[in-house]
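Architecture and fold: a report
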Amino acid sequence: MKHLLLLLAWLLAIQPVATPEAATKPAQANQAAPDPFSSKVSLLTHAFEKLMSLEPSLDFDMEFISLDWQMTDWKLSEDERNELIGHFHTKYGVEVLFDSYPQLREKNKLDPKTNSLYGVLLNIEKLEIHSPDSVTVTGGKYRSPLGAAGMTATWQKTKDGWEIVKITDNWIS
């Protein structure tokens, strides 16, 4: 009996004490950690717009714009994706996709004879975050094997969004 009382006392001693405050608060175990980089859509919009401005001749008769940032580890919510769709569809009046080149090929979004896309692929190949206010983006604009352009640019967050502070590489084919 003495051992049973000691065991019961020990079990009671190791149990956490619930305060009235803790009993009324909902459990927060499954909440995601806050995102340290909260302005993804703003940066993606600015970066894709800059890529879109490269070599305007690639835009001729385009049927779509595909935004591809799959080489980064960024996942966007449905609302964030819809914000990008709304911006690019409103500005350019074409279908907006989120596909890579192989996915576009699988969806028959290119001319099989020339390997030219029926639209434009904008992709971010590399994203280096220096701080929440400074990022280097390497990306490109692709239409065909002989029609592409790209750049590496460092962006700085401003009160109005993002602006390029340095371009370290710029290419065209």
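Below you will find a few notes about this structure. Given the structure is predicted, the values throughout are model-derived calculations rather than measurements.

**Quick notes on the nonpolar core**
Residues Phe48, Leu67, Trp69 and Leu84 are the most contacted members of the largest nonpolar core, which totals 29 residues. For this core, the secondary structure elements donating two or more residues are α3 (40-53), β1 (64-68), α4 (78-92), β3 (120-131), β4 (134-144) and β5 (147-158). Broken down by element, this core gets its largest block of residues, seven residues, from α3. The residues touching phenylalanine 48, leaving out its near neighbours within four places in the chain, are Leu67, Asp68, Trp69, Phe88, Leu122, Asn123 and Ile124. Phe64, Leu97, Leu117 and Leu121 belong to the second-largest nonpolar core, a separate cluster that totals seven residues.

**Some thoughts on the side chain of threonine 152**
Looking at the secondary structure, you find threonine 152 in strand β5. Those residues in contact with threonine 152 that sit more than four places away from it in its chain are Thr136, Val137, Thr138, Lys166, Ile167, Thr168 and Asp169.

**Focus on α4**
Between its first and last C-alpha, α4 extends 21 Å over 15 residues, near the 21 Å set by a 1.5 Å rise per residue. Taken from the residues just after α4, glycine 93 is the one with a positive phi, measuring 65°.

**Concerning the pattern of salt bridges**
Tallied over the full model, the rule gives four salt bridges. The partner of glutamate 49 in a salt bridge is lysine 91, and the shortest N-O contact between them spans 3.2 Å. With a gap of 42 residues between them, glutamate 49 in helix α3 and lysine 91 in helix α4 connect regions that are remote in the sequence. The exposure class of glutamate 49 is buried, given its relative accessible area of 15%. The shortest N-O distance in the salt bridge between lysine 141 and aspartate 59 comes to 2.6 Å. Pair noted here: lysine 141 is in strand β4 and aspartate 59 is in the loop between α3 and β1, with a separation of 82 residues, a long-range link.

**So, the environment of serine 116**
With respect to the helices and strands, serine 116 occurs in the loop between α5 (101-106) and β3. Residues serine 116 and glycine 147 lie 31 residues apart in sequence; the distance between their C-alpha atoms is 8.4 Å.

**Here's the deal with the sheet that holds β1**
Strand order in the open sheet made by the six strands is β2-β1-β3-β4-β5-β6, with mixed pairing throughout. Strands with a single pairing partner mark the edges of an open sheet, and in this sheet they are β2 (95-97) and β6 (161-172). Adjacent strand axes in the sheet meet at a mean angle of 20° when their direction is disregarded. In the sheet, β1 pairs with β2 via three bridges, with the strands oriented parallel. Looking at the pairing, serine 66 lines up with leucine 97 of β2. Strands β1, β3, β4, β5 and β6 of the sheet are contacted by α3, whose axis makes an angle of about 130° with β3.

**Structural notes on the environment of arginine 143**
Along the chain, the position of arginine 143 falls in strand β4. Spatially, the C-alpha atom of arginine 143 lies 9.1 Å from that of methionine 62, the residues being 81 residues apart in sequence. Reaching out from arginine 143, the side chain makes a polar contact with the backbone oxygen of phenylalanine 60 at a distance of 3.0 Å. A polar contact is formed between the side chain of arginine 143 and the backbone oxygen of glycine 119, at a distance of 3.1 Å.

Conventions adopted
- Residues numbered from 1 in each chain as written.
- Predicted model: local features only at pLDDT ≥ 70, side-chain atom pairs only at ≥ 80, totals over all residues.
- Heavy atoms only, no water.
- Core = buried A, V, L, I, M, F, W, Y, C linked by side-chain atoms within 4.5 Å.
- Buried < 20%, exposed > 50% of the residue type's maximum accessible area, 1.4 Å probe, protein only.
- Helix = DSSP H or I, 4+ residues; strand = E, 2+ residues; numbered from the N terminus.
- Contact = heavy atoms within 4.5 Å.
- Expected span 1.5 Å × (residues − 1).
- Salt bridge = Lys/Arg side-chain N within 4 Å of Asp/Glu carboxyl O.
- Pairing = 2+ DSSP bridges.
- Axes fitted to C-alpha atoms, helices over the stretch in contact; angles between N-to-C directions.
- Polar contact = N/O pair within 3.5 Å; in protein donor to acceptor, adjacent residues only side chain to side chain.

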